[in-house]
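# Structural overview for review
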Number of protein chains: 4
Amino acid sequence: MIIILKEDANAEKVALLKGKLRSLGFDIHESQGQRQRLLGLVGDTSILEPDDLMANDVVADVKRVQEPYKKANRKMHPEDTVLDIGGHKIGGGHFQVIAGPCSIETKEQITEVAQDVKNSGAHLLRGGAFKPRTSPYSFQGLANNGLKLLLSAKEATGLPVVTEIMTPEHLLLFDDVDIVQVGARNMQNFQLLKALGKTHKTVLLKRGLANTLEELVMSAEYIMAGGNENVILCERGIRTFETSMRNTLDISAIPMLKSMTHLPVIVDPSHAAGIRWMVPSLAKAAVAAGADGLMIEVHNDPENALCDGPQSLTPEQFDKLMAELRPEVEFFGKTMD
Amino acid sequence: MIIILKEDANAEKVALLKGKLRSLGFDIHESQGQRQRLLGLVGDTSILEPDDLMANDVVADVKRVQEPYKKANRKMHPEDTVLDIGGHKIGGGHFQVIAGPCSIETKEQITEVAQDVKNSGAHLLRGGAFKPRTSPYSFQGLANNGLKLLLSAKEATGLPVVTEIMTPEHLLLFDDVDIVQVGARNMQNFQLLKALGKTHKTVLLKRGLANTLEELVMSAEYIMAGGNENVILCERGIRTFETSMRNTLDISAIPMLKSMTHLPVIVDPSHAAGIRWMVPSLAKAAVAAGADGLMIEVHNDPENALCDGPQSLTPEQFDKLMAELRPEVEFFGKTMD
Amino acid sequence: MIIILKEDANAEKVALLKGKLRSLGFDIHESQGQRQRLLGLVGDTSILEPDDLMANDVVADVKRVQEPYKKANRKMHPEDTVLDIGGHKIGGGHFQVIAGPCSIETKEQITEVAQDVKNSGAHLLRGGAFKPRTSPYSFQGLANNGLKLLLSAKEATGLPVVTEIMTPEHLLLFDDVDIVQVGARNMQNFQLLKALGKTHKTVLLKRGLANTLEELVMSAEYIMAGGNENVILCERGIRTFETSMRNTLDISAIPMLKSMTHLPVIVDPSHAAGIRWMVPSLAKAAVAAGADGLMIEVHNDPENALCDGPQSLTPEQFDKLMAELRPEVEFFGKTMD
Amino acid sequence: MIIILKEDANAEKVALLKGKLRSLGFDIHESQGQRQRLLGLVGDTSILEPDDLMANDVVADVKRVQEPYKKANRKMHPEDTVLDIGGHKIGGGHFQVIAGPCSIETKEQITEVAQDVKNSGAHLLRGGAFKPRTSPYSFQGLANNGLKLLLSAKEATGLPVVTEIMTPEHLLLFDDVDIVQVGARNMQNFQLLKALGKTHKTVLLKRGLANTLEELVMSAEYIMAGGNENVILCERGIRTFETSMRNTLDISAIPMLKSMTHLPVIVDPSHAAGIRWMVPSLAKAAVAAGADGLMIEVHNDPENALCDGPQSLTPEQFDKLMAELRPEVEFFGKTMD
C-alpha cells in the first residue's frame, strides 16, 4: 500500500501516523519526490481500508498495490480449484450444467423437470424454495415444503441439488442440499456469509446487481476466511441503462474472475437476459469466454410458472441447447461429465 | 394493469389467459385497436408481477397503471406520517438531526460525542455496533458490547439512539434501541424486513446503492405489510461513475419519495459524499429540497476513527454546521424541536 | 402508441388533445376501463415523442407499441443486410476481421502492421488519423497526414481501410476511405450523422459508452433516413461500475441488435477490455454470440504506441488469435472470406 | 505521477522506459520498497495518459498525483472567475437565472416568454434553434430562422441570449449570441470545443449524461487551452437506474466542481428532472449547495410545446418560483443583479 502525503503535511502529524502504522506491524519505506512524499507500507495490508487512512489530514491519497483478498487469490493458489458435487466435478477443465425451474411449485413439476433435464445431460438440479421478491405481495416460494419436494426429486433422479438460502436461521434446513446458493441481493449479507463460512457446504455465490468483481471476491473471502473454501462464483447479469432486457451479462467477468481467483466461475444466462430466446446465445458466449459451467432455468409450463417464466426454456428447448453446447464445450477443450 | 397482446396472438391461448386472470379475481376490459388488442385489468394488481405475465406467449407487453405499493402509498394516506422518537417528532414539518460516530469504539468516545452533539442541538444519537464491511479483515464493530456502550450513552445524555441491525437473529438485542437501522446492503434482505415488520420498532430504511426509489418503497412495504408502519426512508447516495467522491447524493429522491409516500424522508450526507468538507453543502441542499431530517457522522478524533473517518465532522465542525442549519430549517418553514 | 389518461382528466382538454392528434393524421381508438381511459393511436407514431405527449396535463402515461425506427427495423427488412467492402462481404453469414493500430504513427508502422494483419488473415485495415482524446494535451492524431499514410498502406497491401471521422467538415478528406467510423463519443453527434446520411460511404457506427441499444439504432436511423443504408453497428463496451478493466463488453447487444435490425453487428474487444490479455476471450465470446465481425487493435510495438498500447496485440499474438478464431467461425457456421 | 513497476520487471526494459521518460523532459525519483519499485515523475505530467504508460510490460500501475487540467484548475487561479454577460455578472457571489423555452417556435412565443421571464426577474433568455433529438423524425428546431427569432426577442427585451450550437460549421451564425451552449451529447465533441476555443464567446458547457466531473473539466480545458477562458459549467442531471424521472441531478457536482475549478457552475433543474413539479425543489437545493445560477425552461403553452413540454414551467409558475428564490439567494449571501 502506498500512502501519498499532502504537500503541506504537518510533520508532527506525519510522525504520529507513522507511529500508528508501525504499531500495527508495518515497515515503512519512505520516498521524497520534488513535490510528493510517499510512504510505502510493507506487511499484510489486507487489514487496512484505504478509506480509513484517507481520514487522516496529512494523507492526499492511498493506493493499494496488493489485492485485499488472500484465500481466494490465484497468486496464493495458482492451480484451478476443482470441486466435486456428488461425483460431478466442476472447475479445472470440468464443465457442469445446472438446470431446473426458478421456483419449486409442485412435486410433479419439480420431478418432471428434474427427469427432463437429466435426460438432456444436466448433472445438477436447481429449484427455489425461498424466493427473494421485490414485492411482499408476490409469490414468496414454498419454503420448507419446497425444500422437501426438491429433495424428493433428488431422490427420484439422483441429481445433486442447488437451492437458495436467504437467512442464517434457515441453515439447519439445508442439510441435504448439495450446493447452497447465495443470491445477488444477499451478496453482501455478511452475517449469512459468515454463517456459511463455518459450514463445509459448497456455496454458489452470485454477484450483486451493481457490485464490482473485487467486491464479489471479497464476499467469497468472507466464506473462505471462516474455513470453508468450497465456493463457486456466478455471474448473473448486472444492472445497466439498457431497457430491452432485464440485466446485462458481463461476459468479461469470466476471464477476469479466473485471473483474480482460483475458484470455478459459472454463468446464469437466464437471469442475465430475462428473455427466453436470448438464453442460447449467451450460454454459448459464456462457454467461449471460458466459463466452468452454466445455470439455466427450465420449466415444463413456462407460461404458468409462478416466477420468472419469461426466461425459462421448455424441456424441448433445453434439450436442443444441450445438443449444441456439448460439441462447443469439447471444441474449447473441456469435459462435461 | 394493461396487457398488450401480440398482433398474431393465438385465440385459444388468449382465452386461457383471460380465464386465469378472471380466476385470480380480475375484471377484464378489452379494447381492440387496428393492430393492437389490449386487456385492461380491474382489481388489486399489486399481486401481479409484469414479468410473470410476460412469460405468456401471447403477451407483447405489460404496463402497470397503479403503483405496486399500498400501505406506503400517499394516495391511500394523503397526510404526512409524523413519528415520535422519545418525544422528538419527525415528519410533517418536524425536522430532526441524528448525529454520532460511524462506529462505537469506547465508552468515552460514544459518551463524549453524544454530549457534544446534544450540546449542538442534535436530538438523536447514532453509532454502529454491527458494521457491514466489504472485507472480512476490516474492523467489524464491537457487536453486543458496542450496543451496551451506546445504551449507556443514551442513559447519560437522554438521547434516543439509532443503530444498525444486520440479521434477524440479533433482534432480541435491540429492545432498548429507539430506531433500528437497515443498511443499504440489506435493503433487500427480505427476511430481515419481514422480521422487523412483526415488531413495533421504528425502522430507518436506507436506500441500496443501485436501487430505484420504487424498490426502496417496496422494501418499506415489506415492513408495513407485516403490521409495522413506523418507517423512515433514508437517501444516502447512490453508486455512479463519478470517482471524485464515494457516492452521488440523489437529491431528487427527496421530493419524489415524498410524492410517492407519506413517510418521513431523511438524508445521510456523510455516506453520500464520503468526504468531510462536502457534508455541509449537501446537508443544506437536503434541507432546501424538503428533507425531514439529516443523519450526520461526528467523531471526536476522526483521524483515528476505526471506520469512515474521512467523512466524519469534528464536534466543532458539527456545531458550526448546526448553527447554519437552524436558520435554514426555519427559512424553509420547518421546526427543529 | 397508447396514451393513458389521468383519472380526473378535464373533458375539454381531452377533446383538444384528440383534435390535435387527429390533425396530425392519427386515428384514435378509445377504451374506457373502470378507472383508466386509454387512447390508442393508429398511424405512423415515429414522429411522436412520448415525452412531448407527457407535457399534457391530462396524460398520465404513454406507452410505445411500435418501434420508433423504420429503415433499420428488421420487421421491415427481414433478411440480413450484406455489405461488400472492396470485395469482402460482411453480414448474412460472412464474418470479417478488421485489424490495425489505434493511431497511425509513421509510414513504416502502418504499412508493416497492415502487411502483418493481412498475412494473418484480416481483410480490412484500421488506423486512426483523427483521435478523440479526453485531454487537449494528449496526442491528437496525425490528421490529414495520417490519412495519407493509411491510404498508402491500402495501396501497398490492397486492404480496404477503416478510419474515424470527428466532424462533418473533414468529410472531403475521406474520399478514398472504405469505411468511415463514427466513434462512441460522437454516436449522438447528429450533424455528423446527417452529413454521412447524404453520402454513400459505409459507416461503422460505434455505440456510446452509456447509450441504450435503441439509441444506437436511432442513430443508425439518422444515417439511413438520409438515404445511406450502408451501416455497420459496433458494440465496444459500455461504462459500468467495474474498475478492473476499461469498459464492460455488452455481449447481449449482439443477439438483441440482430433481432431489432437487419444490419451487420461487429464487436471491438480491444476497446471493451482495454487490456491485451483479455482480447482473445472476448473475441471468442463475440463469435459464439453471433457477431458478424471483429475489430482488433494490433501494433508492432505496443509499449511505445502513442495511444491505447495496453490493449493492442502484437502481430504474433494476433496471428495466434486468428488461428483460433478461424475454426471457431466455421464451427458456428460462418465464413471468413 | 507515480509509476509502480511489476515485481519481476526486466531491468533492461525499465532502463528503456526511464530513458524515454527523461527524453520527454521528466525527472525521475526512484523508490525501492521490499516488493515494489516506484518511479515518481517530476514535470508537467498533463501530457501523459496513465493508460498509455500501462501498455509497457514492466508497469503494474500508474497513479496521477497532479490533476490533468491546468487552466481550469483552482490551484492555478484561486479566485472565482466572474463573467460579465451584457452587464450581468455570474460567479464570485453573483447569481443569474437563465430562462426561456426549450425550442424557439414562433416570434410571438419567444418574445412573449422573453418578456414574461424578464418581468419575473430573469436576466438571460434561453431558446433552442438547433435541437439534438434522439429520433430523426422528431422536430429538429427552426435552425437559422429560430436564431433570428431569438435575436429579435433579444432586441425587444434587451435580454442577452443563450442558445445551443451543434457543429463548428454553424459558428458564423452565432455572432450576436451572448452565450453559446454546448449540449450534453456534445460535451466530448472535441472539434467543436476546439473551434470554440478560438473564439472569445462565453461558452456554457453542459455535462454529458454519463461523464465524470474530471471529464467535464477536461472538456472545459479544451476550450481554455485554445485561448478562450470564458466558460460556464452546467450540471443537468446524469443517467442512473432511476425510472421515475428523466435524469438524476448530481447536486454534489456543485461543491466538487467549485473545488476543482474557478469557473462559474450553474444547474439546469428542468432537464435534470424532466418533470415540471420537481423543478422548484431542485432549484432551491442548487442554490443551497452553492450554485452560481440556474437555467430553467419556461413556456407559455407547455402542453403544446414542440419539445420538452413536461418539464417547462408556465410563466406564472416561474414567477412564483422566482419570488421564492430571491430571498433564498440572499439568505445564502449571493446577489441576483
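Residues numbered from 1 in each chain as written. Chains lettered and ligands numbered in written order. Predicted model: local features only at pLDDT ≥ 70, side-chain atom pairs only at ≥ 80, totals over all residues. Heavy atoms only, no water.

Our next topic: the sheet that holds strand β2 (residues 27–32) of chain A. Residue and element names in this part refer to chain A. The four strands lie next to each other as β2-β3-β1-β4, forming an open sheet whose pairing is antiparallel. A strand with exactly one partner marks an edge of an open sheet, and here the two such strands are β2 and β4 (59–63). On average, each strand axis in the sheet is inclined to that of its neighbour by 20 degrees, with strand direction left out of account. Sitting on the sheet, helix α1 (residues 11–23) touches β1 (2–5), β2, β3 (37–42) and β4, and the angle it makes with β3 is about 10 degrees. (Pairing = 2+ DSSP bridges. Helix = DSSP H or I, 4+ residues; strand = E, 2+ residues; numbered from the N terminus. Axes fitted to C-alpha atoms, helices over the stretch in contact; angles between N-to-C directions. Contact = heavy atoms within 4.5 Å.)

Below, the discussion takes up the relation of the copies chain D and chain A. Superposing chain D onto chain A requires a rotation of 180 degrees together with a translation of 0.0 Å along the rotation axis, leaving an RMSD of 0.0 Å. Seen this way, the second copy is the image of the first under a two-fold rotation axis. A shared interface surface links the copies, since 95% of the contact residues of chain D are contact residues in chain A too. (Least-squares fit on C-alpha atoms with pLDDT ≥ 70 in both.)

Further remarks concern the interface of chain B and chain A. Each partner contributes residues to the interface: chain B has 54 residues there, and chain A has 54 residues. Together, the buried faces of chain B and chain A total about 4,600 Å²; carbon and sulfur atoms form 47% of this surface. Along the contact surface separating chain B from chain A lie eight salt bridges. Salt-bridge contacts for A:Arg276 lead to B:Asp57; the nearest nitrogen and oxygen are separated by 3.9 Å. Linking chain B with chain A are 24 residue pairs in polar contact (both at pLDDT 80 or more), by the criterion used here. For the side of chain B that touches chain A, the secondary-structure elements that each account for two or more residues are α1 (11–23), α2 (50–54), α5 (190–197) and α6 (213–225) of chain B. Among the elements that make up the side of chain B that touches chain A, the one with the highest residue count is α6(B) (five residues). Taken together, the residues that form the side of chain B that touches chain A break down as 19 nonpolar, 16 polar and 19 charged. (Buried area = accessible area lost by both parts, 1.4 Å probe. Salt bridge = Lys/Arg side-chain N within 4 Å of Asp/Glu carboxyl O. Polar contact = N/O pair within 3.5 Å; in protein donor to acceptor, adjacent residues only side chain to side chain. Nonpolar A, V, L, I, M, F, W, Y, C, P; charged D, E, K, R; others polar.)

Okay, the relation of the copies chain B and chain A next. Laying chain B over chain A is done by rotating through 180 degrees and shifting 0.0 Å along the axis; what remains is an RMSD of 0.0 Å. Mapped onto chain A, 100% of the interface residues of chain B again fall at the interface, so both copies present the same surface.

Residues and elements named next belong to chain B. A rise of 1.5 Å per residue sets the reference length of α1, with its 13 residues, at 18 Å; its end C-alpha atoms lie 18 Å apart and thus fit the reference within 8%. Residues Val14, Leu17, Lys18 and Leu21 constitute the buried set of α1. All buried residues of α1 lie within an arc of 100 degrees about the axis, which places them on one face of the element. Every exposed residue of α1 that faces more than 90 degrees away from the buried side is listed here: Glu12, Leu16 and Ser23. Those residues of α1 hidden inside the fold are in contact with β1 (2–5), β2 (27–32), β3 (37–42), α2 and β4 (59–63). Taking the backbone nitrogen of glutamate 12 as reference, a side-chain oxygen 2.9 Å away marks asparagine 10 as the first, capping residue of α1. Just downstream of α1 lies glycine 25, where phi reads positive at about 100 degrees. (Expected span 1.5 Å × (residues − 1). Buried < 20%, exposed > 50% of the residue type's maximum accessible area, 1.4 Å probe, protein only. Arc of directions from axis to C-beta.)

Here we take up the interface of chain D and chain A. On the side of chain A, 19 residues touch chain D, which itself brings 20 residues to the contact. Here chain D and chain A share an interface that buries about 1,900 Å² over both sides, 64% of which is from carbon and sulfur atoms. The largest per-residue losses of area from chain D upon contact with chain A belong to D:Gln36, D:Lys63 and D:Phe241, which jointly make up 30% of the total buried on that side. Scanning the region where chain D abuts chain A turns up two salt bridges. Notably, a salt bridge pairs D:Asp61 with A:Lys63, separated by 2.9 Å at the nearest N-O pair. Applying the counting rule to chain D against chain A returns two residue pairs in polar contact (both at pLDDT 80 or more). When contributions to the side of chain D that touches chain A are tallied by element, the ones reaching two or more residues are β1 (2–5), β2 (27–32), β3 (37–42) and β4 (59–63) of chain D. Its residues assigned to classes, the side of chain D that touches chain A comprises eight nonpolar, eight polar and four charged.

Here helix α4 (residues 143–157) of chain C is 15 residues long and its end C-alpha atoms lie 21 Å apart, about the 21 Å a rise of 1.5 Å per residue gives. C:Gly158 lies just past α4(C) and shows a positive phi near 80 degrees.

For the rest of this paragraph, the subject is the domain arrangement of chain A. Per the domain assignment, the segments making up chain A are domain 1 (2–63) and domain 2 (83–331). Just the C-alpha atoms count here: the centres of domain 1 of chain A and domain 2 of chain A sit 43 Å apart. (Domains from an automatic or database assignment.)

Moving on: the nonpolar core. Judged by nonpolar contacts, the single largest core of 307 residues is most densely connected at A:Ile251, B:Ile251, C:Ile251 and D:Ile251. Setting aside anything within four residues of it in sequence, one finds C:Ile251 in contact with A:Leu249, A:Ile251, A:Leu282, A:Ala285, C:Ala285, C:Ala286 and C:Ala289. (Core = buried A, V, L, I, M, F, W, Y, C linked by side-chain atoms within 4.5 Å.)

Moving on, we come to the side chain of B:Glu242. Following the sequence through the fold, B:Glu242 ends up in the loop between β12 (231–235) and α7 (253–260). Only 3.5 Å separates the side chain of B:Glu242 from the side chain of D:Arg207, close enough to count as a polar contact. In this view, B:Glu242 contacts B:Thr248, D:Arg207, D:Thr212 and D:Leu213; residues no more than four positions away in its chain are not counted.

Inspection of every chain in the model, using the stated rule, returns nine cavities of 30 Å³ or more. One number sums up the size of the largest cavity: a volume of about 360 Å³. If you trace the largest cavity, you find 20 residues lining it, with A:Leu209, A:Asn211, B:Leu209, B:Ala210 and B:Asn211 closest to the centre. Its residues assigned to classes, the lining of the largest cavity shows eight nonpolar, six polar and six charged. (1 Å grid on protein atoms, 1.4 Å probe; cavity = no way out; pocket = protein on both sides within 12 Å on 5 of 7 lines; lining within 4 Å. Points joined across faces, edges and corners; volume = space filled by probe spheres on them.)

It is worth spelling out the sheet that holds strand β11 (residues 202–206) of chain D at this point. The strands making up a sheet associate through backbone hydrogen bonding, with each pair oriented either parallel or antiparallel. All names here are of chain D. In spatial order, the strands read β7-β8-β9-β10-β11-β12-β13-β14; together these eight strands close into a barrel with parallel pairing. Strand-to-strand twist in this sheet, taken as the mean axis angle between neighbours without regard to direction, amounts to 30 degrees. Across four bridges, β11 lies against strand β12 (residues 231–235) in parallel orientation. Bridging from a neighbouring strand, leucine 205 pairs with leucine 233 of β12. Along the sheet, helix α6 (residues 213–225) contacts β11 and β12; its crossing angle with β11, the most-contacted strand, is approximately 160 degrees.

What follows is about the side chain of C:Asn247. Residue and element names in this part refer to chain C. Within the secondary structure layout, asparagine 247 lies in the loop between β12 (231–235) and α7 (253–260). Taking the relative accessible area as the measure of exposure, asparagine 247 reaches 6% and is therefore buried. Of note is the side chain of asparagine 247, whose polar atom sits 3.1 Å from the backbone oxygen of histidine 271. Beyond its immediate stretch of four places on either side in the chain, asparagine 247 contacts Leu209, Arg236, Gly237, Ile238, Arg239, His271, Ala272 and Ala273.

Next up on the list: the packing of aromatic side chains. A full pass over the atoms with the stated rule returns 18 aromatic pairs over all chains. Measuring from centroid to centroid gives 6.2 Å for D:Phe130 and D:Phe174, while their planes differ by 25 degrees, and the two rings are stacked. One end of the pair, D:Phe130, is in the loop between β8 (124–126) and α4 (143–157); the other, D:Phe174, is in the loop between β9 (161–165) and β10 (179–182), and 44 residues separate them in sequence. The pair D:Phe130 / D:Phe174 is uniform in exposure class, with both members buried. Put simply, the rings of A:Phe241, B:Phe241, C:Phe241 and D:Phe241 touch in pairs and so form one group of aromatic residues. Over the ring of D:Tyr137 we find C:Lys70; its NZ or CZ atom is 4.3 Å from the centre of that ring. (Phe/Tyr/Trp six-rings, centres within 6.5 Å; stacked < 30°, edge-to-face > 60°. Lys NZ or Arg CZ within 6 Å of the ring centre and 35° of its normal.)

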